[in-house]
Every structure is written in structure tokens, then in C-alpha cells.
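The lines below spell out each chain.
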Amino acid sequence: MPSQALPRISRRSDPQTTRVDRRLSLRPLEVNVVDPTADADWDRLVASHPDFTFFHSAAWTRVLRKTYGHKSVSLNLSQLGETKALVPLLEVASPLTGRRGIGLPFTDFCDPLFFGEYDPRIVESLRALARQRGWKYFEIRGDKTSALSARPSLAFYGHALDLRSGTKALFEGFSSSVRRAIRKAESHGLDVQLSESEEAMREFYRLHVQTRRRHGLPPQPMAFFRNIHSEIIKRGSGFVVLAHRGPTPVAAAVFFQMGRKAIYKFGASDEKHQELRGNNLVMWHAIRSLAERGFESLHFGRTSRENEGLRRFKLAWGAVEEPIEYFRFDTRANDWIVTRDNVSGFHNSLFSRLPLALNRLIGAVLYPHLD
């Protein structure tokens with residue numbers, strides 16, 4: 001269960017209450033570095049917080065650790081035996097890109113979970129951990145409470161869809177262009193299936209490799225998706241949606257779920273069959289399935305501020321837009337710093353021209369050094 005919020009100090013409080021509040025605030029903050037994958041209580045604590053997401057789960061940390069070998073240095077901060085905050089972190093230690101703490105690598109957002117009132121000593125604990133482990137910086141990916149009181153280093157769009165209105169109302173809430181695209185895909189007789197099979201993940205990956213090259217990016221290694229299947233999909237915490245025309249896969253997507261919340265994490269398609277609108281039909285089948293199974297929300301993940309096309313695509317599903325902000329503390333500057341989104345550049349042109357096999361090899365070599 002979540003800890004109780006510490007009492008607020010009010011001008012109207014009597015002197016005795018104020019003295020109790022001050023004594024509580026002076027109690028030491030216990031800082032525990034934990035590995036969620038080995039902590040039987042982690043997921044229970046995460047699920048007890050109203051702002052939890054799948055990315056806070058031990059399963060997601062396990063996928064990242066198994067794929068890239070990063071060390072888990074997540075924080076469980078407590079006072080008087082009550083959890084004050086959970087801060088998921090992995091240490092990326094690379095001879096090429098340096099050592100830093102990221103919450104979490106390859107993750108759209110993963111806000112620290114504050115139980116009760118925010119305590120500024122939480123950030124001091126992060127700074128101390130960064131100095132102790134020799135990090136260049138640490139990065140927090142999201143802070144809905146704005147408790148960090150810092151300048152964001154990067155900002156993205158986020159989009160969330162409330163699923164509680166039912167499938168009929170959801171469909172009517174889509175833009176007219178989305179409804180037309182769904183009907184067009186249906187008229188082409190595409191076969192859509194939700195699957196938890198390993199073969200479905202392999203089919204998704206083949207489309208994913210093509211899609212990443214089209215976007216001028218190397219794909220993540222196949223090991224990453226094998227681990228997603230074994231640690232998430234196979235255990236009932238996600239699924240793959242595939243659209244086929246006959247035997248040919250034309251579009252696919254991967255979704256994660258925890259509690260009554262779901263996240264759209266990856267999408268891919270075959271450009272040769274783009275006119276079939278398979279992406280739209282895949283998304284609609286996922287939304288309909290989630291709503292019918294009682295899920296309350298679907299998050300569409302982060303979107304770069306430079307990608308106006310993807311932003312419009314997500315808004316067209318009736319999703320509500322929200323900011324996603326990252327915060328980076330540079331240990332050498334001893335300050336929060338501003339960075340830039342490297343989603344586009346010369347590398348896009350390079351990777352879009354390379355053979356698929358070479359792109360896959362580069363991705364396997366490169367991604368352990370990135371975050």
C-alpha cells in the first residue's frame with residue numbers, strides 16, 4: 001500500500017502539530033539502491049501508485065538488463081518505514097559514450113513515483129549516487145508533479161486515449177480520415193489477429209527492420225524483441241497485432257499492459273502495401289480489444305516535436321495531448337542542462353541507403369552504447 005503523505009505545515013496549525021511536522025521532516029531519509037528484477041515487493045509498490053505505467057514494472061527493467069547488460073540502480077527512498085519515492089534507473093556504462101544513470105533507457109517516459117509530499121532530499125540522493133558511481137549525468141524521463149523544479153533538457157508530445165466510453169463512442173471520436181482508413185482496410189479483406197506467439201514477434205520484427213530503414217535508423221537487435229516476448233508477451237503483459245493480406249504481413253504493432261493501462265510501443269508496416277491502410281486497422285483492433293477487456297487507457301508513447309505527421313496520426317484517434325519532459329543533471333556543471341533531440345540528421349540519410357542486413361548488424365553493435 002502507498003505510504004501516507006507527511007502532514008503539511010499550515011499557518012492555522014497549532015504549535016504542537018507544527019512541532020510534530022518539523023520533527024518528521026528532520027527524520028533521515030533512507031536511501032536503498034535496489035534491483036526491481038530481484039525485489040519481490042517492487043511491482044506491488046509500483047501498482048499501488050496512481051501514476052504507475054508498464055515502464056515502471058520489473059519486467060521492463062528485466063528486458064533492458066538481459067538485452068544490454070546494464071546494471072540496475074533503482075532507488076527506493078523511505079522514511080519511518082514508509083516508501084517516499086521509487087526512482088527506476090539503469091546505469092549505462094560504455095567505453096564509447098561514458099557512464100550515466102538513465103530512468104530508463106529506450107523508454108518513452110518513466111516518472112519518479114512520489115508517495116506523499118515531495119522531499120527535495122530525493123534529488124540530493126540522486127546527485128550523491130551520481131557522484132559515487134562516476135556518472136557524467138543522470139536523466140529522469142518524465143516528472144508529472146514538476147517536483148524537480150528544473151529546466152527540461154528535452155520535450156516531446158505524449159498522447160493518451162481514454163477507453164472507458166466503449167467501442168462505439170471511441171469509433172465515433174476518431175477523425176473522419178481515420179474512420180475512412182479503417183473501412184478501406186476492411187474492404188480489402190485484411191486478416192487481423194492479436195497474438196502472443198513467438199512467430200508473431202518474428203513477423204513483426206521483419207516489418208520493423210524495413211520500417212526503421214525507411215526512417216533512416218538502425219533497428220534494435222532481435223535479442224531485444226526475443227526478450228520482450230519471453231519476459232512480457234509470453235507472460236500475458238502484452239501482445240502483438242498483425243494484419244495480413246493472404247499470407248503476406250502488411251502491418252504490425254506491439255502493445256504492453258499493466259493493471260488497466262496499456263501502451264502502444266512499436267509499430268511497423270510494409271511500404272509496398274501502404275494503400276491498404278493496415279496500420280489503421282491494426283490500431284483499431286487493439287483499441288477495440290483493450291476497451292472490451294475493461295482497460296481504461298491507451299498511451300501512444302512519445303512523439304518528437306519535429307515529427308508533425310506522427311503527431312497528427314495520434315491526435316486523429318481522439319487522444320489527448322500532453323507534454324513529456326526529460327530532465328538531465330550534469331555532474332560536472334553541477335546543474336540541470338538543456339540538450340537537443342537527435343532524431344534527425346545526416347545519419348538518417350546513411351541508414352536509409354544501407355542493406356537491411358548491415359543495418360541490423362550496426363544496430364546490434366550500437367544500441368548497447370545508447371540510451
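Just so you know, these numbers come straight off a predicted model, no measurement behind them.

**Focus: the overall build of the protein**
For step 1, the next point in the chain: On a plain count of helices and strands, the protein comes out with twelve helices and 16 strands.
For step 2, the next point in the chain: Its C-alpha radius of gyration of 22 Å places the protein within 12% of the 21 Å reference for a compact globule of 371 residues.
For step 3, the next point in the chain: Oriented by its inertia axes, the alpha-carbon framework of the protein measures out at about 75 × 50 × 35 Å.
For step 4, the next point in the chain: Surface summary for the protein: the accessible area is close to 17,400 Å², and the carbon and sulfur share equals 50%.
For step 5, the next point in the chain: Where the 55 positive side-chain charges of the protein centre and where its 40 negative ones centre are 3 Å apart.

**So, the sheet that holds strand β1 (residues 30–34)**
For step 1, the next point in the chain: Overall, antiparallel pairing links the four strands, which are arranged β1-β3-β4-β7 in an open sheet. With partners counted over all chains shown, the strands left at the sheet margins are β1 and β7 (113–114), one partner each.

**Some remarks on the packing of helix α7 (residues 198–214) against helix α8 (residues 222–233)**
If you want to describe how two helices pack, look at the angle between their axes and the distance between the axes.
For step 1, the next point in the chain: Viewed as axis vectors pointing N to C, α7 and α8 meet at an angle of 145 degrees, and their least axial separation amounts to 10 Å. In the crossing of α7 with α8, the sense of the turn from one axis to the other is right-handed. Residues Glu198, Met201, Arg202, Phe204, Tyr205 and His208 of α7 form the contact with α8, whose own contacting residues are Met222, Phe225, Ile228, His229 and Ile233.
For step 2, the next point in the chain: Grouping the amino acids of the contact of α7 with α8 by side-chain chemistry returns seven nonpolar, two polar and two charged.

**Things to note about the pattern of salt bridges**
For step 1, the next point in the chain: Considering all chains together, one arrives at 23 salt bridges under this definition.
For step 2, the next point in the chain: Linking Arg141 and Glu139 is a salt bridge whose minimum nitrogen-to-oxygen distance equals 2.8 Å. By the burial criterion, Arg141 is buried, and Glu139 matches it.
For step 3, the next point in the chain: Sharing partners across several salt bridges, the network here consists of Arg100, Glu139, Arg141, Arg328 and Asp371.

**Section: unusual backbone geometry**
For step 1, the next point in the chain: With an omega of 0 degrees, the peptide bond running from Gly103 to Leu104 counts as cis.
For step 2, the next point in the chain: On the secondary structure map, Leu104 appears in the loop between β6 (98–103) and β7.
For step 3, the next point in the chain: Phi at Phe106 is positive, roughly 55 degrees, even though this residue is not glycine.
For step 4, the next point in the chain: Its place among the elements puts Phe106 in the loop between β6 and β7.

**Some remarks on the confidence of the model for the protein**
For step 1, the next point in the chain: On average, residues of the protein score 91 in pLDDT, and 92% of them are at 70 or above.
For step 2, the next point in the chain: Segment residues 1–24: pLDDT under 50, and 27 contacts once partners within four positions in sequence are set aside and those in other chains are kept.

**Section: helix α6 (residues 176–187)**
For step 1, the next point in the chain: Taking 1.5 Å per residue, twelve residues should reach 16 Å; α6 reaches 16 Å between its end C-alpha atoms and fits that length.
For step 2, the next point in the chain: Taken together, the buried positions of α6 are Val178, Ala181, Ile182 and Ala185. Across the axial projection of α6, the buried residues extend over an arc of 100 degrees, all falling on one side. Facing away from the buried side of α6 by more than 90 degrees, the exposed set consists of Arg180 and Ser187.
For step 3, the next point in the chain: The elements touched by buried residues of α6 are α5 (167–173) and α9 (278–292).
For step 4, the next point in the chain: Just past α6, the residue Gly189 takes up positive phi, approximately 70 degrees.

**Digging into the nonpolar core**
For step 1, the next point in the chain: One finds Phe54, Trp60, Phe204, Phe224, Ile228, Ile232 and Phe256 to be the most contacted residues of the largest nonpolar core, which totals 47 residues.
For step 2, the next point in the chain: Leu163, Phe174, Val192 and Trp317 belong to the second-largest nonpolar core, a separate cluster that totals 34 residues.

**A look at the packing of aromatic side chains**
When we look at a pair of aromatic rings, we describe it by the centre distance and by the angle of the planes.
For step 1, the next point in the chain: The full count for this structure, using the stated rule, is 27 aromatic pairs.
For step 2, the next point in the chain: With centroids separated by 5.6 Å and ring planes inclined at 50 degrees, the aromatic side chains of Trp60 and Phe256 adopt a geometry described as tilted. Taken as a pair, Trp60 in helix α3 (residues 58–68) and Phe256 in strand β12 (residues 248–258) lie far apart in primary sequence, 196 residues in all. No difference in accessibility class separates Trp60 from Phe256, as the two residues are buried.
For step 3, the next point in the chain: Over the ring of Phe52 we find Lys261, and its NZ or CZ is 4.2 Å from the ring centre.
For step 4, the next point in the chain: Of note, Arg302 hangs over the ring of Phe156, and the distance from its end group to the ring centre comes to 4.4 Å.

**Notes on a nonpolar patch on the surface**
For step 1, the next point in the chain: A contiguous nonpolar surface patch, about 270 Å² in accessible area, is contributed by Leu358, Leu361 and Val365.
For step 2, the next point in the chain: Looking at where Leu358 falls in the secondary structure, it is placed in helix α12 (residues 356–366).
For step 3, the next point in the chain: Look at Leu358 and you get partly exposed, because its relative accessible area is 34%.

**Quick word on the pairing of strand β14 (residues 297–304)**
For step 1, the next point in the chain: Among the eight residues of β14, six are classified as buried, and the element is accordingly described as predominantly covered.
For step 2, the next point in the chain: Examined bridge by bridge, strand β9 (residues 154–162) and β14 share six bridges and lie antiparallel to one another. In the strand pairing of β14, Leu161 is matched with Leu298.
For step 3, the next point in the chain: Where strand β13 (residues 261–269) meets β14, three bridges bridge the pair, whose relative direction is parallel. Counterpart to Lys261 in the pairing with β14 is Ser297.
For step 4, the next point in the chain: Taken together, β13, α9 and β14 form a β-α-β motif whose crossover is right-handed.

Cut-offs applied
- Residues numbered from 1 in each chain as written.
- Predicted model: local features only at pLDDT ≥ 70, side-chain atom pairs only at ≥ 80, totals over all residues.
- Heavy atoms only, no water.
- Helix = DSSP H or I, 4+ residues; strand = E, 2+ residues; numbered from the N terminus.
- Rg over C-alpha atoms; globule rule 2.2 N^0.38 Å.
- Areas by Shrake-Rupley, 256 points an atom, 1.4 Å probe, with all protein chains shown as cover.
- Lys, Arg positive; Asp, Glu negative; His and termini not counted.
- Charge placed at Lys NZ, Arg CZ, Asp CG, Glu CD.
- Pairing = 2+ DSSP bridges.
- Axes fitted to C-alpha atoms, helices over the stretch in contact; angles between N-to-C directions.
- Left-handed = near helix turned anticlockwise from the far one by under 90°.
- Contact = heavy atoms within 4.5 Å.
- Nonpolar A, V, L, I, M, F, W, Y, C, P; charged D, E, K, R; others polar.
- Salt bridge = Lys/Arg side-chain N within 4 Å of Asp/Glu carboxyl O.
- Buried < 20%, exposed > 50% of the residue type's maximum accessible area, 1.4 Å probe, protein only.
- pLDDT = per-residue confidence, 0-100.
- Expected span 1.5 Å × (residues − 1).
- Arc of directions from axis to C-beta.
- Core = buried A, V, L, I, M, F, W, Y, C linked by side-chain atoms within 4.5 Å.
- Phe/Tyr/Trp six-rings, centres within 6.5 Å; stacked < 30°, edge-to-face > 60°.
- Lys NZ or Arg CZ within 6 Å of the ring centre and 35° of its normal.
- Patch = residues over 30% accessible without salt bridge, like charges linked within 9 Å, V, L, I, M, F, W, Y side chains within 5 Å.
- Right-handed = clockwise from strand over helix to strand, strands pointing away.

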